Amino acid sequence: MQRALRAGLSYHDFDVRTVGNGEDAVREAAAWRPDVILLDLGLPGMDGFETLRALRPATRAAVIVVSVMPGEKDKVRALDAGADDYVVKPFGTDELVARIRAVLRRQGDVPAGEPVIRAGDLEIDLARRLVSVNGQAVHLTPTEYELLRYLALHAGKPVTHTTLLRQVWGEYAVGDKYNTRYVVAQIRKKLGDDPANPRYVVNEPGVGYRLEA
Amino acid sequence: MTRRLAPYAVALGGAVAVTAAIGLVGAVLPVSGLSALYLLLVLWLATRWGRGPAVTGSVAAFLLYDFYFVPPVGTFTVRGPAELLELAVLLAVALVTSQLAASARRARATAEALAADSRSLYVLATGMLRAPDVAAGLSMVSTSAEQLPGVSRFSVTSGGVTLAGPALTPDEMRQAQWSFDSGKAIGAAIKDGLFRAMRTHGHATTAYLPLASGVVVIAVDTAVGEVSDLRMLAALVGLADLLLDRRRAALESERARGFEASDRMKTAILSSLSHELKSPIASLRAGLTALATPRAGMHPEQRELMEDMDRQATRLDHMVGELLLLSRLEAGVDLAREPHSFADIVGGSLRQLRGALRDRDVVVRVPTDLPDVEVDELQVGRVVTNLVENAIDWTPPHGGIEVGAATRDGVLEAWIENDGDAIPPADLDRVFDAFWTRRAHGTGLGLAIAKRVVDAHGGVIRAENRRRGPRFVFTLPLATVPAAQ
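Residues numbered from 1 in each chain as written. Chains lettered and ligands numbered in written order. Predicted model: local features only at pLDDT ≥ 70, side-chain atom pairs only at ≥ 80, totals over all residues. Heavy atoms only, no water.

K.L.:
How should the sheet that holds strand β13 (residues 470-477) of chain B be read in this particular structure?
P.N.:
The strands making up a sheet are joined through hydrogen bonds of the backbone, oriented either antiparallel or parallel. Residue and element names in this part refer to chain B. Ordered in space as β8-β10-β11-β13-β12, the 5 strands form an open sheet in which the pairing is mixed. The open sheet has two free edges, formed respectively by β8 (361-365) and β12 (461-465), since each of these has just one partner strand. Ignoring which end each strand starts from, the neighbouring axes of this sheet average 15° apart. As paired elements, strand β11 (residues 411-418) and β13 share 7 bridges and run antiparallel to each other. Looking across to β13, one finds that I416 is bridged to F472. Its contacts with the sheet put helix α9 (residues 342-352) on β8, β10 (400-408), β11 and β13, and the angle it makes with β10 is roughly 160°. (Pairing = 2+ DSSP bridges. Helix = DSSP H or I, 4+ residues; strand = E, 2+ residues; numbered from the N terminus. Axes fitted to C-alpha atoms, helices over the stretch in contact; angles between N-to-C directions. Contact = heavy atoms within 4.5 Å.)

Right, here's the structure in full:
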């Protein structure tokens, strides 16, 4: 698997290095400073989640978690532990390359000081706290704005319910998915978004929401 | 004999003593109405010993009083109604008081007997209920019952096994089984907290009393029947009932633990199986797709071959996934049910199928103000995905597919329909069978999974034909929480 991925990615002009366990991954990430790390959760030795937590202080690289377990619980856990994306095995090289390009684009996308985030005809002016669709101003409550802003800052990345709760309602937020669902329903209504065919806020079943980049 | 006569002697002696006291007091200080002292004596006699001694005391008192104090002193003459009245009063006091005292004594005796009964029953019951296991408790019940006079046997049986007391013969077991099945007692009954044996021609009878989870068999001599013993016997039958219930509860929880363990086992096996089956496919696909990249330097026909193989590996992965999902559903793995917007679920599924839907004309008719459904989001997403995938396969390019939902009779009714050929009427029911498919490359699992998920949610799913093509309709429960709108 590792050999196949290395070959496949190098054909797409990526410079690839591989390691066999979590400890080496953390060391290599600090020394070599890669842009993207593919992390298989089923690692020998150091457990995948431990590695993920250990990687975060060591690198600013985007981490894409690779796992054969399709369970949404693992997905949520990985995203909450700091992963940028999650790919379920088996997958083709093209799909993986698309995901890597997406996280790289996002990395480049979030330069500090960029005041306006655009997603299609949705515009979020962070400096002036203004939201508009097709140039038409949309009035959001502070909670709705905070949630949309957080999704926008991580546009394209699935954000878990837990993360949204913590980011929007605070560290000690008491609540459940029902809160985020309710607020997202309100936002969609105001943005004129159809939940069955959303253009902006996309449902990630069992995980959370994602703002379409 | 002496003990029975003693009260009378005391009554006579008391009358004499009171007479002497009246005589002495009267000699020193003449007071009228000293005769009331006799009343005290009679009252005391009546409460202490009852009617006989009290009456004896009153008659003796009257005679003595008449003889010593009523003029002419020294004779037993009765003159005038006043003296007769005095005698009558003394006798009446004696009778009424002794009656009252006697009934009070009887009530107290009954209360004490009841208290003693319940005390001993309490001791017995706590002992039995604290017994290390139900069998020990039941044999304690049986032993206590067989110590009661007239009870020669007290057996407890459940499910064809004698749990306590002498073992039942096959015939008796049949009787007991009949009694249990019909819920009818044979030969005796428990009424008003008493064990009541029915009269039979002989003296001894064998009674069968059905309980909630077993039968008590009691051999009892019908001639014997102290109320307290009958009450005790009834209470012991009640205890046996309790213990049998406890036994059943214990058996059930043991069985439930077994199920739980086997459920955990199934889940563990399924996830390790999933890992074992999917890892090789993952390596295959990674390798094949890497080689199929133009830069890998393969000839075009070699690349095509790689792509073919990758498609087959993808199909294999799909099949393994569906098989595992189906086994998980069959194993009865829990649903994570929460209120969800059905529109959201449809959105997720359609997004997943975006590529395959590119040249189909999709219409979504899911009102945004639909109430929430109480479902497992991922599983129901799977239902929608599978049904839409099925519709895609049977829709000609640029044909229409409609996904819709509405509330109806307190449930959500959703449908997925497509333009295309009708399903042969004979196949309408079979489409949901596992491994049954009309397609050459189908797994025959997609619709089977959809049916199992809908069933697990308590909904129904059916296939039908419209004029323009087939339609799949299924129902889902609505959430009790108001919708997030």
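That was the structure; now back to the text.
K.L.:
Any chance you could explain the sheet that holds strand β1 (residues 36-40) of chain A here in plain terms?
P.N.:
Residues and elements named next belong to chain A. One open sheet holds the 3 strands; their spatial order is β1-β2-β3, and the pairing between them is parallel. Of all strands in the sheet, those with a lone pairing partner are β1 and β3 (85-88), marking the two edges. For this sheet the average axis-to-axis angle between neighbouring strands, irrespective of direction, equals 25°. Two elements, strand β2 (residues 62-67) and β3, share 4 bridges in a ladder whose sense is parallel. Residue pairing for β3: I64 is matched across the bridge by D85. Strands in contact with helix α3 (residues 48-58) are β1 and β2; relative to β1, the strand with the most contacts, it is inclined by about 160°.

K.L.:
What is the right way to read the environment of H340 of chain B from this model?
P.N.:
Residue and element names in this part refer to chain B. Here H340 lies in strand β7 (residues 337-340). Since its relative accessible area comes to 4%, H340 is described here as buried. In this structure, the C-alpha to C-alpha distance between H340 and D372, residues 32 residues apart in sequence, is 5.1 Å. (Buried < 20%, exposed > 50% of the residue type's maximum accessible area, 1.4 Å probe, protein only.)

K.L.:
Would you explain the packing of aromatic side chains in this entry?
P.N.:
All names here are of chain B. Inspection of every chain in the model, using the stated rule, returns 3 aromatic pairs over all chains. Aromatic side chains F67 and Y68 sit 5.0 Å apart centroid to centroid with 80° between the ring planes, which places their arrangement in the edge-to-face category. You can call F67 partly exposed: its relative accessible area is 24%. Overall, the relative accessible area of 44% leaves Y68 in the partly exposed class. (Phe/Tyr/Trp six-rings, centres within 6.5 Å; stacked < 30°, edge-to-face > 60°.)

K.L.:
Help me out: how do you make sense of the packing of α9 of chain B against helix α10 (residues 377-393) of chain B in this one?
P.N.:
Between two packed helices, the angle of one axis relative to the other and the distance separating the axes together describe the packing. Residue and element names in this part refer to chain B. Running from N to C, α9 and α10 cross one another at 55°; their axes reach a closest spacing of 9 Å. In terms of orientation, α9 lies oblique with respect to α10. In this structure, α9 meets α10 at a crossing whose hand is right-handed. On the side of α9, the interface is formed by F342, I345, V346, S349, L350 and Q352, while α10 contributes E377, V380, G381, V384, T385 and V388. Broken down by class, the residue content of the contact of α9 with α10 amounts to 7 nonpolar, 4 polar and 1 charged. (Parallel < 35°, antiparallel > 145°, perpendicular 65-115°, else oblique. Left-handed = near helix turned anticlockwise from the far one by under 90°. Nonpolar A, V, L, I, M, F, W, Y, C, P; charged D, E, K, R; others polar.)

K.L.:
I would appreciate a short explanation of the side chain of D317 of chain B in the present structure.
P.N.:
Considering the arrangement of structural elements, one finds D317 of chain B in helix α8 (residues 300-330). In this view, D317 of chain B contacts P90 of chain A together with K278 and I281 of chain B; residues no more than four positions away in its chain are not counted.

K.L.:
When you look at a negative patch on the surface in this model, what are you seeing that I'm missing?
P.N.:
Judged by side-chain charge, D94 of chain A together with E301, E304 and E307 of chain B come together as a negatively charged surface patch. For the negative patch, the element with the highest residue contribution is α8 of chain B, accounting for 3 residues. (Patch = residues over 30% accessible without salt bridge, like charges linked within 9 Å, V, L, I, M, F, W, Y side chains within 5 Å. Areas by Shrake-Rupley, 256 points an atom, 1.4 Å probe, with all protein chains shown as cover. Salt bridge = Lys/Arg side-chain N within 4 Å of Asp/Glu carboxyl O. Lys, Arg positive; Asp, Glu negative; His and termini not counted. Charge placed at Lys NZ, Arg CZ, Asp CG, Glu CD.)

K.L.:
It is not clear to me how helix α4 (residues 72-80) of chain A should be interpreted in this structure. Could you clarify?
P.N.:
Every α-helix winds through 3.6 residues per turn, so residues three or four apart in the chain are directed the same way. Looking only at α4 of chain A, the buried set comprises E72, K75, V76, A78 and L79 of chain A. End-on, the buried residues of α4 of chain A take up no more than an arc of 165°, which puts them together on one face. As for α4 of chain A, its buried residues are in contact with α3, β2, β3, β8 (159-160) and α7 (161-169) of chain A together with α10 of chain B. At the exit of α4 of chain A stands G82 of chain A, carrying a positive phi of roughly 110°. (Arc of directions from axis to C-beta.)

These figures come from the coordinates and say nothing about function on their own.
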